[in-house]
Amino acid sequence: MSFSGSTAGSGSRTSQTSFEFGRTHVVRPKGKHEATIVWLHGLGDKGSSWSQLFESLPLPNVKWICPTAPTRPVAAFGGFPCTAWFDVGDISEDAPDDLEGLDFSAAHVANLLSTEPADVKLCVGGFSMGAAAALYSATCHAFKQYGNGSPYPLNLSAVVGLSGWLPCSRTLRNRMQGMNDAGRRAASLPILLCHGTGDDVVAYQHGEKSARILSSSGFQNLTFRNYQGLGHYTIPEETDEVCRWLAANLRLGGT
């Protein structure tokens, strides 16, 4: 499927509380526990797909939590149900955002991280739709509230997004204006975005534009990496970059 060619609207009218999250997979740290990262899979996938990869990464001080999204109707598939962090039909400036679904998933991430030790750095990352949900959590961190106004409880230390996009992009810059505390939190949050130029699912232009909007809205500690010809998948060069970036920005003790 190609999001960029879809014309369906997004925004489910079904109560999010009727959706149940799937199985959560955990990869324990092999060394001293210094950081915990909740990693969100892409549309139609499940947490186990990524936990298998994280078992082999050279980040012994990181605990990975890989939840599975609820199975729910998705407008991009004509309402056909699949695992999804929120409803989506079209990735564009004019497409409606499923704020209720985004809040629902961001709250789930926060719940997963809420019981981690106080001295452990808390992070969120994801691929494709999971990257979009991770970036939404980054904005919740900056504003210290969800989209519905409820308090956001976490202090995030880093955010990673692969082959994704920024939800609610058309309102972010206006919301940030005049909010000094939010601006400070945004400026200090390290964000890594990676996107392939050959992506035929989430077009490269969406990833590049998301990086520009985040930067101009105050998320100044942002790194954007592009990969020539890379499609909608990850490769060792990209995961190596993620490992280096996390080790440096989280000041991890061993690699």
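Quick note: structure is the one above.
Residues numbered from 1 in each chain as written. Predicted model: local features only at pLDDT ≥ 70, side-chain atom pairs only at ≥ 80, totals over all residues. Heavy atoms only, no water.

## Points about helix α6 (residues 204-216)
With 13 residues, α6 extends 19 Å from end C-alpha to end C-alpha; this agrees with the ideal 18 Å at 1.5 Å per step. What α6 keeps buried is the set Tyr204, His206, Gly207, Ser210, Ala211, Ile213 and Leu214. Where α6 is buried, its residues meet α3 (129-143), α4 (169-176), β8 (191-196) and β9 (222-227). Where α6 ends, the next residue or the one after it, glycine 218, has phi of about 120°, a positive value. (Helix = DSSP H or I, 4+ residues; strand = E, 2+ residues; numbered from the N terminus. Expected span 1.5 Å × (residues − 1). Buried < 20%, exposed > 50% of the residue type's maximum accessible area, 1.4 Å probe, protein only. Contact = heavy atoms within 4.5 Å.)

## Describing the side chain of histidine 41
You can see histidine 41 is positioned in the loop between β2 (35-40) and α1 (48-54). Sequence-distant contacts of histidine 41, that is, excluding residues within four places in its chain, are made with Lys46, Gly47, Trp50, Pro67, Thr68, Ala69, Thr83, Trp85, Phe127, Met129 and Gly130.

## Comments concerning the sheet that holds strand β3 (residues 62-66)
Read from one edge to the other, the open sheet built from 7 strands follows the order β1-β3-β2-β6-β7-β8-β9, with strand pairing classed as mixed. Only two strands of the sheet have a single partner each, and these edge strands are β1 (25-27) and β9. Between one strand axis and the next, the sheet turns through 15° on average, direction left out of account. Alignment of strand β6 (residues 121-127) against strand β7 (residues 158-162), held across 5 bridges, turns out to be parallel. Among the inter-strand pairings, glycine 126 is bridged to a residue of β7, identified as glycine 161. Seen against the sheet, helix α2 (residues 99-113) touches β2, β3 and β6 and runs at an angle of roughly 150° to β2. Its contacts with the sheet place helix α7 (residues 236-249) against β2, β3, β7, β8 and β9, and it is angled at close to 170° to β7. (Pairing = 2+ DSSP bridges. Axes fitted to C-alpha atoms, helices over the stretch in contact; angles between N-to-C directions.)

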